[in-house]
Amino acid sequence: SFIVTGTGSLAAPREPLQLGNAGTAVRFLTAAVALCDGTVIVDGDEAMHKRPIGPLVTALRTLGIVASAPSGSPPVTLEGRGHFG
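Keep in mind that this is a model prediction, so the values were computed, not measured.

**A few points about helix H1 (residues 23-32)**
Reasoning step 1: Of the residues making up H1, those classed as buried are Gly23, Val26 and Thr30. Buried residues of H1 fall within an arc of 60° about the axis and therefore sit on the same side. In H1, the exposed positions that point more than 90 degrees away from the buried face belong to Thr24 and Phe28.
Reasoning step 2: In this structure, the buried side of H1 is in contact with strand E2 (37-43), helix H2 (54-62) and strand E4 (76-81).

**A short note on the side chain of Thr30**
Reasoning step 1: Within the fold, Thr30 resides in helix H1.
Reasoning step 2: Thr30 gets classed as buried once you look at its relative accessible area, which sits at 0%.
Reasoning step 3: A polar side-chain atom of Thr30 sits 2.6 Å from the main-chain carbonyl oxygen of Val26.
Reasoning step 4: Apart from residues no more than four positions distant in its own chain, Thr30 is found in contact with Ala25, Val42, Ile53, Leu56, Leu60, Val76 and Leu78.

**Structural notes on the side chain of Ser73**
Reasoning step 1: Positionally, Ser73 belongs in the loop between strand E3 (66-68) and E4.
Reasoning step 2: Judged by its relative accessible area of 7%, Ser73 is buried.
Reasoning step 3: At 3.4 Å, the side chain of Ser73 forms a polar contact with the backbone oxygen of His49.
Reasoning step 4: In this structure Ser73 touches Met48, His49, Lys50, Arg51, Pro52 and Ile53, once residues within four positions along its chain are discounted.

**A look at the sheet that holds E4**
Reasoning step 1: Pairing within the open sheet is mixed, and its four strands lie in the order E1-E2-E4-E3. What marks the edges here is a single partner per strand, and that holds for strand E1 (17-18) and E3.
Reasoning step 2: Pairing of E3 with E4, which is carried by three bridges, proceeds in the antiparallel orientation. Bridge pairing in E4 places Ser68 opposite Thr77.
Reasoning step 3: H2 rests against E3 and E4 of the sheet, and its axis sits at about 165° to E3.

Reading guide: rules and limits
- Residue numbers run consecutively from 1 along every chain, following the written order of its sequence.
- With the structure being a predicted model, the display of local features is reserved for residues of pLDDT at least 70 and the display and counting of side-chain atom pairs for 80 or more, all residues being used for whole-chain, interface and lining totals.
- Excluding hydrogens and water, the side-chain figures rest on all heavy atoms present in the structure.
- Note on classification: 1.4 Å probe, protein chains only; a residue is buried when its accessible area is under 20% of the maximum for its type, exposed when over 50%, partly exposed between these limits.
- Strands are runs of DSSP state E lasting at least two residues, helices are runs of H or I lasting at least four, and both sets are numbered from the N terminus onward.
- What the arc measures is the spread of directions leading from the helix axis to the C-beta atoms.
- Residues are treated as being in contact if the distance between any of their heavy atoms lies within 4.5 Å.
- For the purposes of these results, a polar contact is taken to be a pair of N or O atoms within 3.5 Å, where, inside protein, one atom must be able to donate a hydrogen and its partner to accept one; residues adjacent in sequence count only when each atom of the pair is a side-chain atom.
- Here, strands pair whenever DSSP counts at least two bridges between them.
- Helix axes are fitted only over the stretch in contact, all axes being lines through C-alpha atoms; the angle between N-to-C directions runs from 0 to 180 degrees.

Spelled out as structure tokens, the structure:
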């Protein structure tokens, strides 16, 4: 057994999240880090830079999240406020 402690919120990492070519992880974590309070960059390797993520960025924007992926692929920059909306 173990005990997990925390603050109940997600802290923005100091460095970009480098996820290699893990497409599922990039999409899941891009949505999850939108709940961080602060700026988060989600990135991957060169192959990931060719994979589309524009629809997810658009969906996050409709929830009030400031998100950008200028090329339509990672890297994605999110300005989280700790909540959606």
